[in-house]
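Coordinate inspection notes
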Amino acid sequence: MVSNYLIGNKKKKMEKRIVIITSLLLLCLQLSFAQKRTRADRFFAKGDYLNAAQFYEEELAANVSKKALENIAISYYNTFQYKKASRYLKQLTKGSFPEEDKTYDNQYNFKLYQVLSALGDYETSLDYFKLFKENYKASINKSEAIEIIEEFKLKNPDYKIESTQYNSESSDFGAVKYKDSVYFTSDRLNKQILYKSYKWTHRPFLDIYSVNVNDKLDTIGTTTALPKAINSKLHEGNFCFSKDGNTMYVSRSNFSNGKKAFDDNSNNNIHLYKSVKKDSVWSKLEKLSFNTVGASYQHPALSPDGEKLYFSSNRPGGYGEFDIYYVSVNVDGTYGEPINLGTTINTINREHFPFISEEGNLFFSSNGHLGLGMLDVFASELIKDEFTTPVNLGVPINSGYDDFNLNYFNKTDGFFASNRKNKNDDIYSFEQIGEIFIREYVNIFEVRDMDTKEFIPNASVVLTSKKGEIKYNNTLGVKSVFTANLLPGFYAYKAENTAYEPNEMNIEAIEKQDKTHVIYLKKIPPPPPPPPADPLDVIADQKGIDKDMREKDSERFKLLTDTEGPPVVERNGRLFFELKPIYFDFDMWNIREDSKLILDELIQKLNRYPKIELKISSHTDGRGSERYNQVLSERRAESTRNYIALEGYINAKRLPFEGFGEKQHIIPCPMNNCSEEEHQLNRRSEFEILKYN
């Protein structure tokens with residue numbers, strides 16, 4: 001008995017020692033792990049990217065590592081500090097870190113594509129987008145992509161936009177108009193003295209607000225937060241109303257039994273909730289049945305008939321990070337299973353913020369379709385119950401930054417949000433002034449006599465697209481008229497007749513039916529009589545012109561001594577019209593009113609010298625990409641040629657033009673460090689006489 005007791009007592013002591021030793025070993029392991037996990041890592045794990053970036057800067061100053069580069073790049077990316085993000089993303093993708101393994105996740109190629117696009121460096125950004133695509137066994141044509149992006153920037157805008165009065169120093173977005181009120185989401189303080197901040201932004205959690213407005217969308221009264229039945233201590237984000245305004249669908253931080261709910265990865269996802277208004281009181285938010293654990297459901301949007309609820313989700317089984325889905329809204333208040341909109345709409349990246357117009361067309365934001373940078377707004381037309389290939393809305397709706405949450409409150413007007421001012425999100429109102437979706441429009445073409453304005457019979461005409469594709473080619477009858485169905489864009493229109501000088505003009509087909517384009521031909525005149533003798537010796541002496549030129553090259557002598565209209569000067573053996581400068585406004589190619597007067601004088605002189613061939617050279621300042629400036633200068637030269645040809649009835653074949661972009665500046669502007677006046681001097685046109693007899 002005693003021996004058994006002693007043996008048992010010794011056994012207990014031994015077990016106690018083992019427990020103590022094991023505990024000490026575990027504590028040492030935990031301390032060792034804690035030492036490897038830096039302060040920056042801990043902030044990063046919590047989603048506090050602002051603090052994480054600060055401490056990663058300190059770490060990288062002492063010791064560069066791949067993981068620190070990855071995390072600081074994500075931290076700056078998530079806090080919209082794109083210039084800093086690009087610096088570390090470039091370092092990561094170039095393998096500028098000591099680890100032997102130089103591989104990195106493909107997401108960093110995509111992030112670098114996005115931030116470089118936001119910073120305006122499209123040519124470099126597309127190299128990383130191409131690499132990103134190739135890693136998914138896909139490809140893009142870089143030159144075609146650049147051309148498409150330039151078209152987004154240069155095309156005639158379909159919208160007019162304006163910043164709203166509802167914006168604050170905080171993030172404001174998700175504006176929805178219902179009757180005489182505008183509702184929106186914001187992280188403003190709302191007069192709280194103490195508030196719980198969101199780690200990501202260091203700002204209060206998002207709530208929904210409302211403000212009364214007049215017909216011009218000006219605010220009436222003060223902005224107020226929705227009641228506590230809707231707003232909680234955590235996020236309430238995007239929302240939508242039913243047509244009668246009595247049901248509200250809300251994106252909200254996931255709750256369960258009144259507490260924040262987490263998934264297995266400790267994420268508090270966003271889920272969709274519903275509230276019903278009865279007797280002007282909103283009911284407590286109720287979670288929708290199709291939400292699932294481990295995924296976010298957000299950005300609700302009802303179809304006009306209320307039978308489908310669209311949303312964005314990262315639920316399993318999608319095509320990318322976030323896809324757009326819809327569920328059927330049944331009469332009994334239940335919902336169908338989520339249905340993915342498919343690969344026409346969804347990409348391997350993010351699709352968010354759906355909205356369905358009264359016509360059934362889908363508007364949404366995406367960073368997966370080709371755009372100007374970050375999130376762009378796209379539209380997809382509903383044809384035969386299917387959404388078509390999305391169309392980028394271009395400027396001014398889209399910018400290099402995040403542009404999102406577009407919705408209409410009538411046929412042409414609505415709201416969207418953007419952080420384009422390189423700060424918090426702001427709400428913008430818009431008016432649609434053009435057609436979004438590409439259609440063909442009827443265009444009418446005529447050939448008329450320049451003097452009599454009568455139709456020219458038996459005229460031969462050719463109409464070609466910008467890429468040289470022949471759209472129409474024929475010899476017309478007595479009435480020289482034809483029609484063509486054209487997509488909006490630029491075309492070349494040529495006409496000729498044996499009794500007339502041929503002519504050509506560039507025309508723009510716009511979003512309008514039955515637009516008429518008239519080309520005028522000038523009748524071939526009889527040979528001009530010899531010029532009368534004119535005592536020009538005094539003028540020749542004053543200008544230092546060799547008098548022998550009068551016999552050797554009389555036309556040149558006449559040009560140099562003609563004092564009527566813009567003078568002709570000789571520089572290094574070449575002849576130029578000496579005009580006052582033809583200036584253009586920044587980023588524009590239309591002829592300014594002050595320049596029209598100068599060109600009108602030139603037109604008069606050209607009409608007096610019908611044999612002159614005049615080369616029009618246009619130059620830009622150095623702002624913008626080299627390709628963009630090249631295109632802009634070509635358009636300016638073309639615009640100048642068109643004005644002279646159309647307003648002066650000058651044969652366009654006499655007016656070759658060329659754009660030089662930023663290649664031949666009068667005033668050098670390294671790093672574009674010029675005043676506006678110096679930039680203006682570089683934006684100029686020159687007029688060289690190539691041929692005069």
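Everything below is about the structure printed above this text.
Cut-off values and rules
Going along each chain's sequence as written, the residues are numbered from 1 onward. At least 70 in pLDDT is required for a residue's local features to be given in this predicted model, at least 80 for side-chain atom pairs to be given and counted, and no such filter applies to totals for whole chains, interfaces and linings, which use all residues. Hydrogens and water are ignored here; the side-chain numbers use all heavy atoms of the structure. Buriedness of a pocket was judged along seven lines, with at least five required to meet protein on both sides within 12 Å; pockets are open sets of points on a 1 Å grid over the protein atoms alone, cavities are sets where a 1.4 Å probe fits but cannot get out, and lining residues have an atom within 4 Å of a point. Grid points are joined across faces, edges and corners, and a volume is the space filled by probe spheres set on the points. In this text, helices come from DSSP runs of H or I with a minimum length of four residues, and strands from runs of E with a minimum of two, each type numbered from the N-terminal end. Under the rule applied, a polar contact is a pair of N or O atoms within 3.5 Å (in protein, one hydrogen donor and one hydrogen acceptor; residues adjacent in sequence only if both atoms are side-chain atoms). Contacts were defined at the residue level, with two residues in contact if any of their heavy atoms lie within 4.5 Å. Only rings of Phe, Tyr and Trp enter the pairing, Trp through its six-membered ring, and a pair is recorded when the two centres are within 6.5 Å. The plane angle decides the type: under 30 degrees is stacked, over 60 is edge-to-face, the rest tilted. For every residue, the accessible area (1.4 Å probe, protein chains only) is compared with the maximum for its type, and the residue is labelled buried under 20%, exposed over 50%, or partly exposed between those bounds. Each nonpolar core is a collection of buried residues, namely Ala, Val, Leu, Ile, Met, Phe, Trp, Tyr and Cys, held together in the definition by side-chain atoms within 4.5 Å. Disulfides are defined in this document as cysteine sulfur pairs within 2.5 Å. Each pair of strands is called paired provided DSSP finds at least two bridges between the two strands.

In this section: empty space enclosed by the protein. Scanning all chains against the criterion turns up one cavity of 30 Å³ or more. When its volume is computed, the largest cavity comes out at roughly 40 Å³. Forming the walls of the largest cavity are Tyr113, Ser366, Asn367, His369, Gly371, Leu372, Gly373, Met374 and Asp376.

Moving on to the side chain of Asn254. By the secondary structure assignment, Asn254 is in the loop between β9 (247-253) and β10 (255-256). At a separation of 3.3 Å, a polar atom in the side chain of Asn254 contacts the side chain of His271. With residues near it in sequence (within four places) discarded, Asn254 still touches Lys259, Lys260, Ala261, Asn268, Asn269, His271, Tyr273 and Lys287.

Another point: the packing of aromatic side chains. In this structure the tally under the stated criterion is 40 aromatic pairs. On the numbers, 5.9 Å between centres and 10° between planes, the contact of Phe311 with Tyr325 is stacked. Note that Phe311 is positioned in strand β16 (residues 308-313) and Tyr325 in strand β17 (residues 323-328), a separation of 14 residues in sequence. With a relative accessible area of 3%, Tyr325 lands in the buried category. Grouped by ring-pair contacts, the aromatic residues Phe110, Tyr113, Phe129, Phe132 and Tyr136 constitute a single cluster.

Tyr56, Tyr88, Leu89, Val115, Leu126 and Phe129 are the most contacted members of the largest nonpolar core, which totals 42 residues. Secondary-structure elements contributing two or more residues to this core are α2 (39-46), α3 (49-62), α4 (66-78), α5 (82-93), α6 (107-118), α7 (122-134) and α8 (142-154). Look past the residues within four positions of Leu89 in its chain and what remains in contact with it is Ala73, Tyr108, Lys111, Leu112 and Val115. With 33 residues, the next largest nonpolar core counts Leu559, Ile582, Leu614 and Leu655 among its residues.

This part is about the environment of Tyr122. By the secondary structure assignment, Tyr122 is in helix α7. With 250 residues separating them in the primary sequence, Tyr122 and Leu372 have C-alpha atoms 8.2 Å apart. In this structure the side chain of Tyr122 is engaged in a polar contact, spanning 2.9 Å, whose partner is the backbone oxygen of Leu372.

Here we come to the state of the cysteines. Evaluated as defined, the whole model comprises one disulfide. Here Cys669 is linked by a disulfide to Cys674, with a sulfur-sulfur distance of 1.7 Å. In this structure the cystine formed by Cys669 and Cys674 twists about its S-S bond by roughly -90°; its chirality is therefore left-handed. Residue classification places Cys669 among the buried positions, given a relative accessible area of 13%.

Once that is clear, we can look at the sheet that holds strand β28 (residues 441-449). Spatially, β31-β28-β35-β33 is the arrangement adopted by the four strands of the open sheet, whose pairing is mixed. Strands with a single pairing partner mark the edges of an open sheet, and in this sheet they are β31 (481-486) and β33 (500-501). Across two bridges, β33 lies against strand β35 (residues 515-523) in antiparallel orientation. Along β35, the bridge assignment pairs Glu501 with Lys522.

Quick look at unusual backbone geometry now. Look at the link from Val395 to Pro396: it is a cis peptide, with omega at 5°. Position of Pro396 among the secondary structure elements: in the loop between β24 (391-392) and β25 (403-408). With phi around 70°, Ser280 is a residue other than glycine that occupies positive phi space. Structurally, the position occupied by Ser280 is in the loop between β12 (270-278) and β13 (281-282). Although it is not a glycine, Phe353 adopts a positive phi angle of roughly 50°. The topology assignment puts Phe353 in strand β19 (residues 351-356).

Time to look at the sheet that holds β17. Spatially, four strands are ordered β15-β16-β17-β18 in an open sheet, and the strand pairing comes out antiparallel. Among the strands making up the open sheet, the edge pair consists of β15 (297-302) and β18 (339-340). As paired strands, β17 and β18 are joined by two bridges and run antiparallel to one another. When the bridges of β18 are listed, Tyr325 appears paired with Asn340.

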